[in-house]
Amino acid sequence: MLSQVRPVNKSFCLQMLCEKNYALLLKLAPLLNPNVINTTVRSKLLETGPFTHTLVLYHQGYEQDLSSPQFKCRVYLDTKSVEVISIQGVAFQGSSARHSAKDILNKKWTLNYFLEKWLTFQFKLSNVNREACQTISA
């Protein structure tokens, strides 16, 4: 279901996608899970609250590279989900009266779908790096 770019029930699938992104992020972000090592994802905490964190995610070594995506995300600890606020400083204007609810939902889907693909890539990349390190040390 999440492999579809345009699912039929997008609002339900968006929540599932945000929960999947949270699970992937826990495997990759040392800021949220201190047991994570040897990952290519770095995060910078911007704000913290009792049930939320706002952070920036980027690829290790590329924090100043404008061609590498940087995701500003809100992490909801109570619902175990992650929502993209913006990518590389291009803020999503969800409260504007010019956008219909469908347009807002489509934009949120697109941003979070891209994050899911990026996190999946980073997870596979970290596994390849881990296997290469184990092969070299063996």
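By convention here, each chain's residues receive numbers from 1 onward along its written sequence. Residue-level local features of this predicted model are given only where pLDDT is at least 70; pairs of side-chain atoms are given and counted only at 80 or more, and the full residue set underlies all totals for whole chains, interfaces and linings. For side-chain calculations, the full set of non-hydrogen atoms in the structure is used, while hydrogens and water are omitted.

Peer 1: Can you walk me through the environment of Val 75 in this structure?
Peer 2: Numbering of helices and strands runs from the N terminus, with a helix taken as a DSSP run of H or I at least four residues long and a strand as a DSSP run of E at least two residues long. With respect to the helices, strands and loops of the structure, Val 75 is situated in strand 3 (residues 71–76). Considering only alpha carbons, one finds Val 75 and Tyr 22, 53 residues apart in sequence, at a separation of 7.5 Å. Discounting residues that sit within four places of it in the chain, Val 75 has contacts with Tyr 22, Leu 25, Leu 32, Phe 51, Thr 52, His 53, Leu 55, Ser 81 and Val 82. The contact criterion used throughout is that any non-hydrogen atoms of two residues lie within 4.5 Å.

Peer 1: I tried to follow the nonpolar core on my own but got confused; where do I start?
Peer 2: Soluble, globular proteins show a tendency: their nonpolar side chains are buried together. Formed by 18 residues in total, the largest nonpolar core has its most connected members in Leu 57, Phe 71 and Leu 115. For this core, the secondary structure elements donating two or more residues are helix 1 (10–28), strand 2 (52–59), strand 3, strand 4 (81–87) and helix 2 (101–137). If you look at the next biggest cluster of nonpolar residues, it comprises six residues, including Leu 14, Leu 17, Trp 109 and Tyr 113. Think of a nonpolar core as a cluster: buried Ala, Val, Leu, Ile, Met, Phe, Trp, Tyr and Cys residues, connected wherever their side-chain atoms sit within 4.5 Å. Throughout, exposure labels follow a simple rule: accessible area from a 1.4 Å probe, protein chains only, divided by the maximum for the residue type, with under 20% read as buried, over 50% as exposed, and the rest as partly exposed.

Peer 1: Just to check I follow, could you spell out the pattern of salt bridges for this structure?
Peer 2: Pairing between side chains becomes possible if they bear opposite charge and their charged atoms approach one another. Salt-bridge detection follows one rule: a side-chain nitrogen of Lys or Arg within 4 Å of a carboxyl oxygen of Asp or Glu. Inspection of the entire model under this criterion finds three salt bridges. Two residues, Glu 116 and Lys 20, come together in a salt bridge whose shortest N-O distance is 2.8 Å. With Glu 116 in helix 2 and Lys 20 in helix 1, the pair connects residues that are 96 residues apart, well separated along the chain. For Glu 116, a relative accessible area of 3% puts it in the buried group. Salt-bridge contacts for Glu 116 lead to Lys 117; the nearest nitrogen and oxygen are separated by 3.5 Å. Among the ionic contacts, a cluster of salt bridges with common partners joins Lys 20, Glu 116 and Lys 117.

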